[in-house]
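Descriptive analysis of the structure
Read off the chains here:
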Amino acid sequence: MGKKVVIIGGGISGMTTGIYLQLNGYDTLIVEKNAVPGGACTGWERGGCYIDGCIHWMTGVNPGSSYYDLWRDTGAIDDNTEIYFQDDFARFDFGGGRGFTVWADVDRLQAELLAFAPEDEKEIRRFCKLVRRFQRIEGPVDKPVDHMSLPRLIKVAVTMGGDYYWVSRMSKVGCAEYAKKFRNEYLRSFFESYMAPGYNLMSMLYMLAHVTAHNGGIPIGGSRPLAERMAKRYTSLGGKFRLGAEAERVRIEGRRATGVELAGGEFIPADWVVSSVAAEHCLKKLLGGRYPVRKIDDRLGDRKTYPIYTYTTAVFRADADLSDKPLGAHVHFDEPITLDREYRAVTLRNYSYDKTMKRPAGTSVLQAGILGGDDMYFWWKRKKDDGTYKAAKEAFAADVLRIAEERYPEYRGRLTVIDVITPCTYERYLNSRHGSFQGFVHTAAGKSLSEKGVIKGLDNFLLSGQCIFHSGGMPPAAITGRFAAQRICKRDGKKFIYRERS
């Protein structure tokens, strides 16, 4: 048996690291605080219904994508995985019959926006041209840049030179600032509110480009079955889990990580330790704050330039078949919902498209979420501390129910609250910063993050996970997981293997 690697965290990144290390002859153990693997890629049951907690859409489902082999290697997508591609990516409902659909086809999207706001024809055509331009942009993810040979680097620079120009240019434009180019007030609202507060235009273009290029879809079954496929792939290669086992700290001797101590005192020795949990939790708790990582520490200390985002979500069982309703509706309204501030929009997500998700016959699951940032977390944290948390959750669900029934009278008397998810839920489950479920928001004023995961002064230890790579999500989690395995192999003088030899 090869060297032993203990991986902290059984999410997408941790399992990806474990899968690739098992393929390369290592003996790996994943320690995961929760009862099931998956991390943020999870789902659970309430009131006889499955609630999906992660995937709204997934990049890399097209076999021509650079991400596709990664999902196949790890089992996230297998021969039996059906991908759902939605035509109506999002419906924006401003009330009074005003609204438009963001179609998952750029030509159809352009026609929709031109019909809705002909006064903005010039800017609409420019925007859709940018979406088409970003459809062609997908950087190499097979290995870290610092592992590429000089010829490979030259080839990447030559083939992607124009792409880097557009990525760099659009990353410096904020969505809210870009919205000012449009005369139609509802189009301005669309650009201001579609992404998280502070997001740059590049991120929005990437999202729409993947979806309209048929490279963004939803695995049927949802998040938890996807995580279970990855876990099965990992254990089939000989990998082992310790579930319900929370890491307390990384033991360090001299300048070398020698293993992991669990809550309760058990010590697990290792030749390598990889942490795939939230970067702040690792640096401050597991490593005791002894090892600064400048790029991450700078971002943690600048909430304005590098915010996080989180959700407050009410989940309803609808006693009706909602198959004729949009999968995602962004509903804007005049009377606000007040949390840390006033919110005048809620996103309704309808899961009727997936008949495999558990729910009583004749019912549907409807999630209603409001996107927020650090201040939303602090508001909920105060409610938890002063004993009003439960009442605040009930009040939020009642507000959302009122809005849904007023806007869509056919829902009246047919929605029952089965769960409310807050930033404190994410914090408890993921040990994440301020209840975030992704990495730092890439704002126009900020810089893209791409950390190697190597910590100066600490040998045989690596960071992985979405918190160290760009703006987070499932692809960065998997990419950094593979990169961590590659770095270990290179340090140990082993040729890296992507998949089993045939």
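Residues numbered from 1 in each chain as written. Predicted model: local features only at pLDDT ≥ 70, side-chain atom pairs only at ≥ 80, totals over all residues. Heavy atoms only, no water.

**Remarks on helix H10 (residues 279-286)**
Burial within H10 is extensive, with six of its eight residues counted as buried. Taken residue by residue, H10 has Ala279, Glu280, His281, Cys282, Leu283 and Leu286 as its buried positions. (Buried < 20%, exposed > 50% of the residue type's maximum accessible area, 1.4 Å probe, protein only. Helix = DSSP H or I, 4+ residues; strand = E, 2+ residues; numbered from the N terminus.)

**Considerations on the pattern of salt bridges**
A side chain with one charge can pair with a side chain of the opposite charge if their charged atoms come near. Scanning the entire structure with this criterion turns up 29 salt bridges. Among the salt bridges present, the one from Glu177 reaches Lys180, with a minimum N-O distance of 3.3 Å. The exposure class of Lys180 is exposed, given its relative accessible area of 59%. A salt bridge links Lys285 to Glu248, with the shortest nitrogen-to-oxygen separation between them at 3.0 Å. With Lys285 in helix H10 and Glu248 in strand E11 (residues 247-253), this pair connects stretches of sequence that are 37 residues apart. The network of salt bridges with shared partners includes Glu335, Asp399, Arg402 and Glu406. (Salt bridge = Lys/Arg side-chain N within 4 Å of Asp/Glu carboxyl O.)

**Re the environment of Val250**
Positionally, Val250 belongs in strand E11. Since its relative accessible area comes to 3%, Val250 is described here as buried. Residues Val250 and His281, 31 residues apart in the sequence, show an inter-C-alpha distance of 12 Å. Setting aside residues up to four positions removed in sequence, Val250 forms contacts with Ile8, Ala257, Gly259, Val273, Leu286, Leu287 and Phe461. (Contact = heavy atoms within 4.5 Å.)

**Comments concerning unusual backbone geometry**
If you check the backbone angles, His214 has positive phi at about 65 degrees while not being a glycine. Its location among the elements puts His214 in the loop between helix H8 (201-212) and strand E9 (216-219). Located in the positive-phi region is Asn460, a residue other than glycine, with phi close to 60 degrees. Relative to the elements of secondary structure, Asn460 occurs in the loop between helix H14 (423-430) and strand E20 (461-463).

**Digging into the pairing of strand E15 (residues 310-318)**
Counting buried positions over the nine residues of E15 gives nine, a clear majority of the element. Because side chains alternate across E15, one face comprises the buried residues Thr310, Thr312, Ala314, Phe316 and Ala318, and the other comprises Tyr311, Thr313, Val315 and Arg317, equally buried. Relative to strand E19 (residues 415-421), E15 is paired through six bridges, and the arrangement is antiparallel. Paired with Ala314 across the two strands is Val420, which belongs to E19. (Pairing = 2+ DSSP bridges.)

**Quick word on the nonpolar core**
With 103 residues, the main nonpolar core has Phe127 and Met204 as its most contacted residues. It is helix H15 (residues 474-491) that contributes the most residues to this core, nine residues altogether. Those residues in contact with Phe127 that lie beyond four places of it in its chain are Tyr178, Phe191, Leu201, Met204, Leu205 and Leu208. By size, the runner-up hydrophobic cluster in this structure holds 34 residues, among which are Ala247, Leu262, Cys282 and Leu287. (Core = buried A, V, L, I, M, F, W, Y, C linked by side-chain atoms within 4.5 Å.)

**A short note on the sheet that holds E19**
The mixed open sheet is built from seven strands, whose spatial order is E8-E7-E16-E17-E18-E15-E19. Two strands lie at the open edges of the sheet, namely strand E8 (98-103) and E19, each paired on one side alone. Within this sheet the neighbouring strands show an average axis-to-axis angle of 25 degrees, counted without direction. Strand contacts of helix H3 (residues 106-116): strand E7 (88-95) and E8, with the helix running at about 165 degrees to E8, the strand carrying the most contacts. (Axes fitted to C-alpha atoms, helices over the stretch in contact; angles between N-to-C directions.)

**Points about the environment of Ala104**
Along the polypeptide, Ala104 turns up in the loop between E8 and H3. Between the C-alpha atom of Ala104 and that of Asp88, which follows or precedes it by 16 residues, the distance is 6.1 Å. Among residues more than four places away in sequence, those in contact with Ala104 are Gln86, Asp87, Phe89, Val211 and Thr212.

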